[in-house]
Amino acid sequence: MTSYRPLHDGWVLSAPSRDLAGVPASVPGCVHTDLLAAGLIDDPYLDDNESRLGWIGRTAWTYTTSFSWSRDEHERTDLVCAGLDTVAEVTLNGVRVGATANQHRSYRFPVRHLLREGENTLTVTFSSALEYAEERQAVLGHRPGAYHSPYAFIRKMACNFGWDWGPDLVTGGIWRPIGLESWSGARLAAVRPLADASGRVDVHVTVERATEAPLTLTAEVAGVSAEVRLAAGQRTAVVPLTVPEPRLWWPRGYGEPHRYGLTVRLGDASWTGKIGFRTVELEREEFRLTVNGTPVFVRGVNWIPDDCFPSRITRDRLAGRFGQAIDAGVNLLRVWGGGLYESEDFYDLADELGLMVWQDFPFACAAYPEEEPFRTEVEAEAREQVTRLSAHPSLMLWCGNNENLEGYADWGWQDKLEGRSWGAAFYRELLPSIVAELDPTRPYIPGSPFSADPADPPQDPSTGTIHIWDVWNRKDYSHYAAYTPRFVAEFGFQGPPAYATLRRAVSGDLAADAPLVLHHQKAIDGHGKLMRGLGDHLPAPATFDDWHYLTQLNQARALTFGIERFRALMPHCMGTIVWQLNDCWPVISWSAVDGDGRRKPLWYALRRVYADRLLTVQGSSVAVVNDSGTAWRGDLVVTRLTLDGKPLAEQVSQVTADPRSVARLPIPAAVATSDDPSRELLSVRLGDQRTLSFFAEDPAVAFPPAAYDATVDRADGGYRVTVTARTILRDLALFPDRLDPAASVDTMLLTLLPGETATFHITTTAPLDTTALTTPPVLRCVNDP
């Protein structure tokens, strides 16, 4: 029998070195959010406030609470700390209970002998994580990495120390639940169900004992139950169950994500969860993921922590973000290695929604020491997290790290290391052995990028995964066409956040190069890369409003170009994972959804290029991409047009794209060859889908000044804006958040030919200026006069 009592009330925060005492504290939470709630600091997400808060990460902080306790019938009572961030000492009634140094794991301390009848005092003192990391670095020697901060020397969320999209806000605090668990006889210490597509589930159970007497363990799923007897002193057991003809868990687009409730009982104690029956396999050379015997093309996005202060991330917030991913056609989230093992809500929602998850172990962009205490901590966290996540059918893949294999091979680390450890033993030995022992149902790869043969370069595009970052950093996005990869696990292009997000985050005038705007640009030479990235694709911006629209549009076009290229290569290429879905604060970054949760133009572009069916012009041919379960057939109509919509040449061909395949059709020279590239374009139609392709980049196209008729009507939930083109309108977009920060629009980036009409549905509860809704900068297109 067990009972649990949360200890989340009555906490206060103090820092004697800063003359701070009695600050009300929220648990779960962290120092930054407590100081913010108390009005002691300015919001670190606004202006350049972040730059004045570095002292928080170099300060020791103490959390204290009092609680009453009365003796009960239980034999044991443990203090269970689900997450302490990070270097902490725990005391109860003045007696040291234990110490921690790992944000990525939980801790359990026996405390019944320290509890008193009546009032008890619990204290958790956090030392500076930054100073701890610096001290370990001084002892073990410098390790190279992408950033100067010593995040590799502490088991903590690496991006807390600043990244090229994130602020430097080194947190501390009780960031996950804390409480007292009392129990007698024995308790369920770990439950690890491993299921397959046959209906078999082996429920691995570990018990902690207060008695050595025999125990009875039962498990039940879908009406099938089994019982196992644990002999005196036995602490582990496996309960096998077989569900006849189970409904399988399938990823989005391939079937329903069926799950079954599983209950495990040990006396009066129980564990309940949901499992899914499915298999997952990985062909490492081709990097082809196969679920239930069916190869899956990955339409993925990289996921970073959705807030610098993770205790603020609720289930509802995750559900909203997952909904945005699903609505954009995404079927996989990659939990990136500079962040965290995410919450139970994260993985449960992924299971429920059929979103596949790729899980990095939290190592990123640095050489990591393998010496103690790190090896012990890494093993403890990995064992805990692999056990915790094994029940989740959405979890497809374990990955040892992000970019550390590449760093060692290609970033000059070997000379700088001078023979010191860098993490290889983690990625090649420790982590794969733990996965093989605890979760053999899933594949493991040592890192990404990686090649199937360790002797090959990690960035070899013919095998394994690659990350493409010469585009954005040095090369034009058209360079994506030079790649013929097996799988692209990272690639991206920057764009600013929504106007309302930037306006909230930055006070004063908005300008692309304003100091406060640039504070929210963390990439090296980020502003310069944004401007150079426009290249020959779009006109040079003359105003802030031009810059905002054109750089957002260029981000959308860059990813569109890359994804269309890689999807057209299916089945040679079997996946793309865009960098990145989300942001942790308001920032100019690679995200599709900004730090305030607003969808950028990139999101709308992803919805089109990640759709099940896609038409794309690839050189002198049309690729008909069909990632659905039914054949796509019909008349493919390819027309060369003038800018005013007059047909010049046309071909109609019968086409069939089988399920999960790509059909390619050459475009005849008479249609594909332009008489005047500045005044012509291609239209490709199949059924109700159309794509347009221009012969020249926008600045070289003789666009007429945009002319259109627009009407605004009230509609359920907001407004309806109808635009009818009198001239061609290139990438028409509507930005209602400029009028109401809470407003959103259903579609964007539409190119209309003369006479065509588009309707935008705006969701808002506010009255909007109808004239502003139909004029720049709210309504924009490339060829605005």
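Residues numbered from 1 in each chain as written. Predicted model: local features only at pLDDT ≥ 70, side-chain atom pairs only at ≥ 80, totals over all residues. Heavy atoms only, no water.

Visitor: What's the story with the sheet that holds strand β9 (residues 107-110) in this structure? I'm lost.
Guide: Sheet strands associate in pairs through backbone hydrogen bonding, adopting either a parallel or an antiparallel arrangement. The strand order across the open sheet built from four strands is β1-β12-β5-β9, with neighbouring strands paired in antiparallel fashion. Two strands bound the open sheet, and with one partner strand each, they are β1 (2-6) and β9. Sheet twist, expressed as the average angle between the axes of neighbouring strands with direction ignored, equals 25°. Across five bridges, β1 lies against strand β12 (residues 178-183) in antiparallel orientation. Bridge pairing links R5 to L180 in β12. (Pairing = 2+ DSSP bridges. Helix = DSSP H or I, 4+ residues; strand = E, 2+ residues; numbered from the N terminus. Axes fitted to C-alpha atoms, helices over the stretch in contact; angles between N-to-C directions.)

Visitor: Would you take a moment to explain the state of the cysteines for this structure?
Guide: Note on terminology: a disulfide is the covalent bond linking the sulfur atoms of two cysteines. According to the stated counting rule, one finds zero disulfides in the structure shown. C308 supplies the cysteine sulfur nearest to C30, a cysteine that is in no disulfide, at a spacing of 9.5 Å. Overall, C30 belongs to the buried group, its relative accessible area being 4%. (Disulfide = S-S within 2.5 Å. Buried < 20%, exposed > 50% of the residue type's maximum accessible area, 1.4 Å probe, protein only.)

Visitor: Is there a simple way to think about unusual backbone geometry in this case?
Guide: Glycine aside, the phi torsion of most residues is negative, and most peptide linkages are trans. Note that the residue after V27, namely P28, is joined by a cis bond; omega there is -5°. Inspection of the secondary structure assignment puts P28 in the loop between β3 (20-24) and α1 (31-37). Cis geometry is found at the peptide bond from M570 to P571, where omega equals 10°. Turning to its location among the elements, P571 is positioned in the loop between α13 (544-568) and β30 (575-578). Its identity as a non-glycine residue notwithstanding, N292 has a phi of 55°, on the positive side. Along the chain, N292 turns up in the loop between β21 (288-291) and β22 (294-296). Among the residues examined, N292 registers a relative accessible area of 14% and is labelled buried. At R660, a residue that is not glycine, the phi angle is positive and equals roughly 55°. Here R660 is to be found in the loop between β34 (647-657) and β35 (661-666). Owing to a relative accessible area of 25%, R660 belongs among the partly exposed residues under this scheme.

Visitor: In this structure, what is going on with the pairing of β34? I would like to understand it.
Guide: Looking at chain direction, strand β33 (residues 632-642) and β34 are connected through 10 bridges and run antiparallel. What sits directly across from V638, in β34, is Q651. Following β33, the chain reverses through four residues before pairing antiparallel with β34; G645 in that reversal takes a positive phi of roughly 95°.

Visitor: I'm lost on the pairing of strand β5 (residues 76-81) in this one. Help?
Guide: Remember that side chains alternate between the two faces of the sheet whenever the strand is regular. Burial of β5 is extensive: five of the six residues sit out of reach of the surface. For β5 and β12, the ladder comprises six bridges, and the chain directions are antiparallel. Across the sheet, the residue bridging to D78 is E181, located in β12. Alignment of β5 against β9, held across four bridges, turns out to be antiparallel. In the strand pairing of β9, L79 is matched with F109.

Visitor: Just to check I follow, could you spell out the pattern of salt bridges for this structure?
Guide: One side chain can pair with another of opposite charge once the charged atoms of both are near each other. Under the defined criterion, the tally for this structure stands at 53 salt bridges. R375 is paired through a salt bridge with E379; the nearest N and O atoms lie 3.2 Å apart. On the criterion of helical spacing, the pair formed by R375 and E379 is a turn pair, its members being four residues apart in helix α5 (residues 374-389). Residue class for R375 comes out partly exposed when judged on its relative accessible area of 36%. Note on E379: relative accessible area 25%, which makes it partly exposed. With a closest N to O distance of 2.3 Å, R532 and D525 form a salt bridge. Among the charged side chains, a salt-bridge network with shared partners connects R259, R315, D345, D348, D351 and E352. (Salt bridge = Lys/Arg side-chain N within 4 Å of Asp/Glu carboxyl O.)

Visitor: Teacher, can you tell me more about empty space enclosed by the protein here?
Guide: To find leftover empty space, one rolls a probe the size of a water molecule over the atoms. Counted according to the given criterion, the structure contains seven cavities of 30 Å³ or more. Size it by volume and the largest cavity reaches roughly 90 Å³. Considering every element that reaches the lining of the largest cavity, the biggest residue donor is strand β13 (residues 186-195), with three residues. Taken together, the residues that form the lining of the largest cavity break down as seven nonpolar, four polar and two charged. In this structure, the second largest cavity encloses a volume near 80 Å³. Grouping the constituent residues of the lining of the second largest cavity by class yields six nonpolar, seven polar and one charged. (1 Å grid on protein atoms, 1.4 Å probe; cavity = no way out; pocket = protein on both sides within 12 Å on 5 of 7 lines; lining within 4 Å. Points joined across faces, edges and corners; volume = space filled by probe spheres on them. Nonpolar A, V, L, I, M, F, W, Y, C, P; charged D, E, K, R; others polar.)

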